[in-house]
Amino acid sequence: MLANAVKKYYDKSYDLNCAETILYAANEAYGLNLDKKALKTMAAFGGGMAIEETCGALTGALAVLGILYVEDRAHESDKIKELTKEFFQKFKDKLSTDNCKKLKELYRNDEIRCSPIIFAAAEVLSEIVDREGLKK
């Protein structure tokens, strides 16, 4: 379900960055009911926060975990910390790094752009959400 939405939103017709793609796709797949203003929060996270550091697909997925599993504030529970650590580890296990520049060197080309990276992030996110359930 999430993978189909990722495929839809990473199309050039939407012109979204990696972080935006994950949030838009999760919004649709998980019924988050985020408005346009909330969706724009991921704009600055694409391209490894525009400096090729932490991958935008990863940061977009972490935003989704926060939306789904934080009641009011992160420090009220260790749950989001545990899920964040799990996401990072599984993402790095799949792709070997969380660094945008290195990921692009390994997986990106002009034809498919960052598709393998975004789909890997979506796969890890789906695994966690499938196990934890939707808690909005």
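Since the structure is predicted, the reported quantities are computational estimates derived from the model, not experimental observations. (Residues numbered from 1 in each chain as written. Predicted model: local features only at pLDDT ≥ 70, side-chain atom pairs only at ≥ 80, totals over all residues. Heavy atoms only, no water.)

### Remarks on the packing of aromatic side chains
Within this structure, the stated rule accounts for three aromatic pairs. One aromatic cluster is present, formed by Y9, Y14 and Y24 through successive ring pairs. One cation-aromatic arrangement involves R113 over Y10; the distance from NZ or CZ to the ring centre is 3.9 Å. (Phe/Tyr/Trp six-rings, centres within 6.5 Å; stacked < 30°, edge-to-face > 60°. Lys NZ or Arg CZ within 6 Å of the ring centre and 35° of its normal.)

### Quick look at the environment of Y107
Relative to the helices and strands, Y107 is located in helix α7 (residues 100–107). Sequence spacing of Y107 and I117 is 10 residues, and the spatial spacing of their C-alpha atoms is 7.0 Å. Sequence-distant contacts of Y107, defined by excluding residues within four places in its chain, comprise K94, L95, I112, R113, P116 and I117. A polar side-chain atom of Y107 sits 3.3 Å from the main-chain carbonyl oxygen of L95. (Helix = DSSP H or I, 4+ residues; strand = E, 2+ residues; numbered from the N terminus. Contact = heavy atoms within 4.5 Å. Polar contact = N/O pair within 3.5 Å; in protein donor to acceptor, adjacent residues only side chain to side chain.)

### With respect to helix α2 (residues 18–29)
Compared with an ideal rise of 1.5 Å per residue, which puts 12 residues at 16 Å, α2 spans 16 Å between its outermost C-alpha atoms and is within 8% of the ideal. Those residues of α2 not exposed but buried are C18, A19, E20, T21, I22, L23, Y24, A25, A26, N27 and A29. Considering only its buried residues, α2 is in contact with α1 (2–9), α3 (36–39), α4 (46–52), α5 (56–69) and α8 (115–132). For α2, the capping residue at the N-terminal end is N17, with a side-chain oxygen 3.0 Å from the backbone nitrogen of A19. G31 occupies a position one or two residues after α2 and carries a positive phi of about 60 degrees. (Expected span 1.5 Å × (residues − 1). Buried < 20%, exposed > 50% of the residue type's maximum accessible area, 1.4 Å probe, protein only.)

### Things to note about the nonpolar core
Counting 44 residues, the largest nonpolar core has L2, I22, Y30, L65, F87, F91 and L125 as the members making the most contacts within it. Elements with a contribution of two residues or more to this core: α1, α2, α5, α6 (79–95) and α8. Sorting elements by how many residues they give to this core places α8 first, with nine residues. Dropping the residues within four chain positions of it, I22 is found in contact with V6, A57, G60, A61, V64, I118, A121, A122 and L125. (Core = buried A, V, L, I, M, F, W, Y, C linked by side-chain atoms within 4.5 Å.)

### Re the state of the cysteines
Taken as a whole and assessed by the stated rule, the structure comprises zero disulfides. Of all cysteine sulfurs, the one in C18 lies closest to C55, which takes part in no disulfide; the gap is 5.9 Å. Here C100 is not cross-linked by a disulfide; its sulfur's nearest cysteine counterpart is in C55, at 6.2 Å. (Disulfide = S-S within 2.5 Å.)

### A look at the environment of Y69
Structurally, Y69 can be placed in helix α5. Placed 50 residues apart in sequence, Y69 and F119 show a C-alpha to C-alpha distance of 22 Å. Looking at Y69, its side chain comes within polar contact range of the main-chain oxygen of G133, at 2.6 Å.

### Notes on the pattern of salt bridges
Pairing is possible between side chains that carry opposite charge, provided their charged atoms lie close to one another. All chains considered together, the criterion is met by 11 salt bridges. A salt bridge links K104 to E52, with the nearest nitrogen and oxygen atoms 2.7 Å apart. Remark: E52 occurs in helix α4 and K104 occurs in helix α7; sequence separation between them is 52 residues. Look at K104 and you get partly exposed, because its relative accessible area is 27%. Taking relative accessible area as the criterion, E52 reaches 29% and is therefore assigned partly exposed. (Salt bridge = Lys/Arg side-chain N within 4 Å of Asp/Glu carboxyl O.)

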